Every structure is written in structure tokens, then in C-alpha cells.
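Here are the chains, one letter per residue:
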Amino acid sequence: MTKGGWWRNRIAAAVCASLLALILFANVQSRSAAASGSTVVVTMTDKPSKFVPETVTIKVGDTVEWRNTGKTIHWVTIGPPIPKGAQPFDSGSMAPGAVYRHTFTVAGHYNYVCVPHAGTGMIGTVEVAE
Ligand SMILES: [Cu+2]
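Now for the overall build of the protein chain. For the protein chain, the count of helices and strands is 1 helix and 8 strands. Traced from its N-terminal end to its C-terminal end, the protein chain shows the element sequence α-β-β-β-β-β-β-β-β. Counting over 130 residues, the protein chain shows a buried share of 30%. Relative to all contacts within the protein chain whose residues are 6 or more apart in sequence, the contacts with residues 24 or more apart total 62%. Approximately 8,200 Å² of the protein chain is accessible, and the part contributed by carbon and sulfur atoms is 63%.

Written out as C-alpha cells, the structure is:
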């Protein structure tokens, strides 16, 4: 093999490696795009203090976004029983206009309440399917 031929092979190998890296990168990108789920919105209202809708059904990897559309404080906190292996979540006190999101990574039935209005029935449910 000539010296020029050796270089051509090196360049060809580098081009192949670059193409392979590009293909792998594109593959990872498309997979991570597929893994990111959709978002479902639940509004938090006054008079009556409610989560709307009270029950949402989503899939593992989806996100629930709670929006305080009222003029008072609302709150989102998980209540028992917590599905096995699930991460507890708690928004803390949410001022009017505040938004809180939680992504569900474990299937199951989740109960949650608004801390100041649980007594008057401000409770909600998230059903997370596999
Ligand atoms: Cu509330």
C-alpha cells in the first residue's frame, strides 16, 4: 500500500466514525423525545375551591400541571396511600397565578389534597397507567 492510500483509509475511517456518531446521536435524540410525555392541566378554583378536573388519567412519564386560577392560596400535596416506589410531591403554598408541575414515573392511583381546603372537599385524583 502507498503512503497516500494509507491516509485515504484513515480519512475514510474518520468519516465512517463521524457518520456512526451522528446516527447514534440522532437515535438517542429521537428516543429522549419519545420518552418525554405529555402534560395535562388541572386548574385550582375558588368558590367552590376545587381541582378541575378532579380526576385525570395519564400515562407513566406524563406531567400534571396545576394552575392556581383563583384569588386565594391553594396547594397540592399527595395523600395516602402512596403507590409503592412513588416519589411524594408537595407544591407548598401556591399564590394566585402560581403553577406547579409533577411528572409521574410510577403507575398507580394517587390521591392529593389542597391543604387549606381539604376539609371542604378540595381533593383530586391522578390515575397513572403503565
Ligand atoms: Cu385550595
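Moving on, we come to the side chain of Asn68. Relative to the assigned elements, Asn68 resides in strand S4 (residues 63–68). Polar contacts involving the side chain of Asn68 include one to the main-chain carbonyl oxygen of Thr72, which spans 2.9 Å. With residues up to four places along the chain from it excluded, the contact list for Asn68 reads Met44, Ile73, His74, Met94, Ala95, Pro96, Gly97 and Ala98.

On to the coordination of the copper ion. Protein coordination at the copper ion comes from His74 (ND1), Cys114 (SG), His117 (ND1) and Met122 (SD), with a distance range of 2.0 to 2.5 Å. Viewed at the metal, the 4 donor atoms of the copper ion are separated by angles of 95 to 132 degrees, and the geometry they form is tetrahedral. Read from N- to C-terminus, the donor residues coordinating the copper ion fall into the pattern H-x39-C-x2-H-x4-M. Highlighted residues: His74 in the loop between S4 and strand S5 (77–79) and Cys114 in the loop between strand S7 (108–113) and strand S8 (123–129), separated in sequence by 40 residues.

What follows is about the nonpolar core. Within the largest apolar cluster, 21 residues are counted, with the highest numbers of intra-cluster contacts made by Phe51, Trp66, Val76, Phe89, Phe104, Tyr110 and Val126. Listed by contribution, the elements that provide at least two residues to this core are strand S1 (39–45), strand S3 (55–59), S4, S7 and S8. Val126 has contacts with Val56, Ile58, Val64, Trp66, Phe104, Gly108, His109, Tyr110 and Tyr112, leaving out every residue within four places of it along the chain.

Below, the discussion takes up the environment of Val42. Along the polypeptide, Val42 turns up in strand S1. Taking the relative accessible area as the measure of exposure, Val42 reaches 0% and is therefore buried. Between the C-alpha atoms of Val42 and Glu54, which are 12 residues apart in sequence, the distance is 7.9 Å.

Let's shift gears to the sheet that holds S7. Strand pairing in a sheet takes place through backbone hydrogen bonds and is either antiparallel or parallel in direction. Ordered by their spatial adjacency, 4 strands build an open sheet running S3-S8-S7-S5, and the pairing between neighbours is mixed. Either end of the sheet is taken by a strand with one partner, and the two such strands are S3 and S5. Neighbour-to-neighbour, the strand axes of the sheet open up by a mean angle of 35 degrees, direction not taken into account. Across 5 bridges, the pairing between S3 and S8 is parallel. Looking across to S8, one finds that Val56 is bridged to Val126.

Cut-offs used in this document
Residues numbered from 1 in each chain as written. Predicted model: local features only at pLDDT ≥ 70, side-chain atom pairs only at ≥ 80, totals over all residues. Heavy atoms only, no water. Helix = DSSP H or I, 4+ residues; strand = E, 2+ residues; numbered from the N terminus. Buried < 20%, exposed > 50% of the residue type's maximum accessible area, 1.4 Å probe, protein only. Contact = heavy atoms within 4.5 Å. Areas by Shrake-Rupley, 256 points an atom, 1.4 Å probe, with all protein chains shown as cover. Polar contact = N/O pair within 3.5 Å; in protein donor to acceptor, adjacent residues only side chain to side chain. Donors = N, O, S within 2.8 Å, 3.2 Å for Na, K, Ca; no water. Tetrahedral: all angles 85-135°; square planar, octahedral: opposite > 155°, others 65-115°. Core = buried A, V, L, I, M, F, W, Y, C linked by side-chain atoms within 4.5 Å. Pairing = 2+ DSSP bridges. Axes fitted to C-alpha atoms, helices over the stretch in contact; angles between N-to-C directions.

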